[in-house]
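Descriptive analysis of the structure
One-letter residues, chain by chain:
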Amino acid sequence: MFHERFGRNKSDNFWMIAMYVLAGIFLLAFVFPYLYMLFSSFKPSNEVISVNPTFFPERWSLENYRSVFQTSDIGTNFANSFIAALVSTIICLLLGSLASYAISRTAVSRFSNFLLVLVLCLKMIPMSSIVVPIYGLVQQFGFYDYLPVLCIVYAGVNMPFVLWMMISFFKEVPVELDEAAAVDGAGPLKSFIRVILPVVTPSLISTGIFTFLLAWNDFLVALLLTSSDAKTVPVALSEFLTSYNLDLGPMTGAAVLFSFPVIIISFFLQRYLVSGMLAGSVKG
Amino acid sequence: MQICGSVREKSFTKLHIVVSLKNICSPFKLCIEQTLKSQHTTQYASFLVTEKGSKMKHKMQTLISVVVTAAAVLSLAACGSSSAESKTLSILVEGGGPAEKVARSNAAEFEKETGYKINIDTSPYSGLYDKLKAETDSSKATHDLAVIDVLWFPALAKGLSSVDGVLSSSEESDLMPQLKEGGTIDGKLLGIPTWTNAKILLYRKDLFENEANKTAFKEQYGYDLKVPTTWAEYRDTAKFFTKDDMYGTAIIGQTGADSVTGWLEFATQAGANNLVLGKGNKPNLGDKAYSQALDYMRDLVKDGSIPADYLSLGTSEISNMFNQGKIAMQLTWAHFYLSSAEELGDKVGAAPMIAGSAGVGAIPGPWYEVVMKNSKKQDIAKKYLEFMYGKNEGYMETLGVAARKSVFAKYEDNAKYAHVKALETTLAAKQTQNRPATKMWTEIETEILSPLVQNSLKGANTKDELSKAQQSIEDLLG
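Computed from a predicted model, the values in this text were never measured in an experiment.

1. So, the overall build of chain B
- If you tally the helices and strands in chain B, you get 21 helices and 15 strands.
- Counting the 478 residues in chain B, one finds 54% classified as buried.
- Contacts in chain B between residues at least 24 apart in sequence constitute 74% of all its contacts with a sequence separation of at least 6.
- Approximately 20,800 Å² of chain B is accessible, and the part contributed by carbon and sulfur atoms is 52%.

2. Remarks on the overall build of chain A
- For chain A, the count of helices and strands is 14 helices and two strands.
- On C-alpha atoms alone, chain A measures out to a radius of gyration of 24 Å, which is more than a quarter above the 19 Å that the 2.2 N^0.38 rule sets for 284 residues.
- Taken along the three principal axes of its C-alpha coordinates, chain A extends 70 × 70 × 30 Å.
- For chain A, the residues scored as buried account for 41% of the 284 residues in total.
- For chain A, contacts bridging at least 24 residues in sequence account for 70% of all contacts bridging at least 6.
- Summed over all atoms, the accessible surface of chain A reaches about 15,500 Å², with 72% contributed by carbon and sulfur.
- In chain A, 15 positive and 16 negative side-chain charges are present, and the distance between their average locations comes to 9 Å.

3. Considerations on the confidence of the model for chain A
- Taken as a whole, chain A shows an average pLDDT of 85; of its residues, 92% reach a score of 70 or greater.
- Helix α4 (residues 74–105) of chain A holds the highest mean pLDDT among the elements of chain A, 93, whereas helix α14 (residues 270–277) of chain A holds the lowest, 66.

4. Here we look at the interface of chain B and chain A
- Counting from both sides, the interface comprises 41 residues of chain B and, opposite them, 30 residues of chain A.
- Seen at the junction of chain B and chain A, the total is zero salt bridges.
- On the surface where chain B and chain A come into contact, there are twelve residue pairs in polar contact (both at pLDDT 80 or more).
- Every element with two or more residues in the side of chain B that touches chain A is listed here: α2 (58–80), β4 (88–94), β5 (117–123), α5 (125–138) and α14 (315–323) of chain B.
- Element by element, the count of residues in the side of chain B that touches chain A is highest for α5 of chain B, at eight residues.
- Of the residues in the side of chain B that touches chain A, the class split is 14 nonpolar, 19 polar and eight charged.

5. Describing helix α13 (residues 248–268) of chain A
All names here are of chain A.
- For α13, spanning 21 residues, the distance from its first C-alpha to its last is 31 Å, which sits close to the expected 30 Å at 1.5 Å a residue.
- The largest bend in α13 comes to about 30°, at Phe260, with the proline Pro261 one to four residues further on.
- When we look at burial in α13, the residues that qualify are Gly249, Pro250, Met251, Thr252, Gly253, Ala254, Ala255, Val256, Leu257, Phe258, Ser259 and Ile265.

6. A look at the packing of α4 of chain A against helix α10 (residues 201–217) of chain A
All names here are of chain A.
- For the pair α4 and α10, interaxial distance at closest approach is 8 Å and the crossing angle is 140°. Classified by the angle between their axes, α4 and α10 sit oblique to one another. Both α4 and α10 take part in a crossing whose hand is right-handed. Together, Phe78, Ser81, Phe82, Ala85, Leu86, Ser88, Thr89, Cys92, Leu93 and Ser97 of α4 and Leu204, Thr207, Gly208, Thr211, Phe212, Ala215 and Trp216 of α10 make up the contact between the two elements.

7. What about unusual backbone geometry?
Residues and elements named next belong to chain B.
- Notably, Asp186 is not glycine yet its phi reads approximately 50°, a positive angle.
- Note on placement: Asp186 falls in the loop between β7 (184–185) and β8 (188–189).
- Here Val276, not a glycine, exhibits a phi torsion of approximately 60°, which is positive.

8. Side note on the pairing of strand β11 (residues 329–333) of chain B
Residues and elements named next belong to chain B.
- Extensive coverage of β11 is indicated by the burial of five of its five residues.
- With five bridges joining them, strand β10 (residues 199–204) and β11 adopt antiparallel strand pairing. Each residue of the ladder has a partner; that of Ile200, found in β11, is Thr332.

9. Things to note about the sheet that holds strand β6 (residues 145–149) of chain B
Residue and element names in this part refer to chain B.
- Pairing in this open sheet of five strands is mixed, and the strands run β5-β4-β6-β15-β9 from one edge to the other. A strand with exactly one partner marks an edge of an open sheet, and here the two such strands are β5 and β9 (192–195). Across the sheet, the mean angle from the axis of one strand to that of its neighbour is 30°, orientation sign disregarded.
- The strands touched by helix α4 (residues 98–114) within the sheet are β4, β5, β6 and β9, with β5 carrying the most contacts at an inclination of about 170°.
- Against the sheet, α5 makes contact with β4, β5, β6 and β15 (367–371), and its axis sits at roughly 130° relative to β4, the strand it touches most.

10. A look at the packing of aromatic side chains
- The full count for this structure, using the stated rule, is 43 aromatic pairs over all chains.
- Ring geometry for Phe170 of chain A against Phe192 of chain A: centres 6.0 Å apart, planes inclined by 45°, an arrangement best described as tilted. Of the two residues, Phe170 of chain A sits in helix α7 (residues 147–172) while Phe192 of chain A sits in helix α9 (residues 188–199), which places them 22 residues apart along the sequence.
- Exposure remark for Phe192 of chain A: the relative accessible area of 4% places this residue in the buried category.
- When the centroid spacing of 5.3 Å and the interplanar angle of 75° are considered together, the rings of Tyr203 of chain B and Phe208 of chain B count as edge-to-face.
- Residue class for Phe208 of chain B comes out buried when judged on its relative accessible area of 6%.

So, how was this worked out
Residues numbered from 1 in each chain as written. Chains lettered and ligands numbered in written order. Predicted model: local features only at pLDDT ≥ 70, side-chain atom pairs only at ≥ 80, totals over all residues. Heavy atoms only, no water. Helix = DSSP H or I, 4+ residues; strand = E, 2+ residues; numbered from the N terminus. Buried < 20%, exposed > 50% of the residue type's maximum accessible area, 1.4 Å probe, protein only. Contact = heavy atoms within 4.5 Å. Areas by Shrake-Rupley, 256 points an atom, 1.4 Å probe, with all protein chains shown as cover. Rg over C-alpha atoms; globule rule 2.2 N^0.38 Å. Lys, Arg positive; Asp, Glu negative; His and termini not counted. Charge placed at Lys NZ, Arg CZ, Asp CG, Glu CD. pLDDT = per-residue confidence, 0-100. Salt bridge = Lys/Arg side-chain N within 4 Å of Asp/Glu carboxyl O. Polar contact = N/O pair within 3.5 Å; in protein donor to acceptor, adjacent residues only side chain to side chain. Nonpolar A, V, L, I, M, F, W, Y, C, P; charged D, E, K, R; others polar. Expected span 1.5 Å × (residues − 1). Bend = angle between axes of the 7 residues up to and from the residue. Axes fitted to C-alpha atoms, helices over the stretch in contact; angles between N-to-C directions. Parallel < 35°, antiparallel > 145°, perpendicular 65-115°, else oblique. Left-handed = near helix turned anticlockwise from the far one by under 90°. Pairing = 2+ DSSP bridges. Phe/Tyr/Trp six-rings, centres within 6.5 Å; stacked < 30°, edge-to-face > 60°.

Following this line, the structure appears as structure tokens:
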């Protein structure tokens, strides 16, 4: 590996430094938009949309944050986003882990494979093409702008992702564990809860994080299914831009606040995220 | 409380749900039934309430009980609020926009007058149309009323109630020009106008009044510096003010509807009538007014009197540049005057839209308050329209535009609203006309006309581009 050879000779050192510089440039390119938004949120509102923008605020101000809380129901929107993302993730993990365990243990069945491909195909359909029919159904049943329904819809649309993630994890758990549990007298459900689930807990957490983020960042579904009571933060954010107004200052403040939970989750649970992303990358 | 049940499908059209409702309070039981009835499931389902469940089907019942419980719990909120809903009118408006502000500020008064509470639902601009379209297509109204853009009438028409007769003839005659025509589809008025808007000329009054500028302009162009009223004057003035880190003007080159409207305004000033779709719904882009308008825009580009990144500029960006002193003149929606005056004080002036060979022309941008056809509260909804017609001044105070002539007249001598007279003149001009009322307009605008404007501004042959667009529209309309 490259790092193991670091320090052997001048040529290695040169390449090492070049790699760090390159990594730094890439890092800056990725982080720049966020940092620009972060510093913009501390600029006075009229400076945010300046024709000659500066990276750092010329005058630091909390005006945008004050404006966010004064002009919108951002607290309620945050609560809605959090509840919708959390509840839908719990539903997904609960049903998804049961389903994927069952499918992983009956993989020889043609029907299971067909089911999986079908689920994947459903995930390939653009959300924009299914969200209007979903809206039609929801308003037909009289559940428009109702938070529990948003949770259920998120659980539905994110379920294929959970299934595909969890199946790869369950397939890595030896069948011998199930057999040992069966010998000890455990039924399928008991062996799943007592034996298999503890083994895949880290994978369950990483899948849960991704599922949470999918629901947390969603705009389109919430845009159509909510209006006032169940409105989530991404939709509330978009209302700072109307056909008659361009209120970018408070929008940057709200966007920074919205990004915090994601940053906190990523920071504390990054090892699960990495293990989740690399799942199935090495076989054998 | 215990709920369990079983489901068995007897036929494709009939479903039996057996529910054991032990120790369940009757309101809750009623609630489940009411909810299921309200959700049109009764045509498929019949209910048998028993005291005992079948042991053989215990597992199945457990599963079903989860489903039934979930449905029942979900329905609780709807049940609990059903009586309140009967005295509530639900209105959908653009969140953060003037319609929301005016609706909120008058809701309490309407409730006091009628006993009906106004529930204001908000959505961003992009979601408004999708929600209303879905409501129209599914024939079920979640909202009783909505405030909509004029462009959506053709697509939503079948889901809207006629509001003919809501206003008396004297009230109708108090509406600004083109408003009644804009909201009329197949001879039926489908919305009560809330406000109308059009592009006018906003300019830097201080620059036009500067003596040094006046002298230099006269020397350079041979006539007095004045607020431009024609294409030629506008072009000269734009060239003259392009100096000292400032551009004379800007044009909208951004992809989308904004640039198309900007071009069609020039076209109407050059004499185009029945914009884009002429008589018999046949595209009329062969008319020389369209090519003259494109050529005029290209002249402004060639002169260098507009910012170099004109292809990425829309009205909001241009207005922002104007407010920050980077542009001397802009043709923009009249309501931008208020924010510009807030930034630049009395340095801002407002004048009617400029004129081409056919005179002053602009494209109105009105919004309307509509009643959804499937709303079960038609009468009270129409009463609300009438009530809001009386509150039209609220839009003038909030946005700087309104729908009624009497409201305009009240504000035209108010120094804070210096744009009002300019807007009235522009709206009354003979070449001012609405965009075509066709369901296909959004598609025509974004997929055919927007690329046409951008390609022409980039230097493509305007005649070829117009001819291609003509063909594309003909193909699209079949």
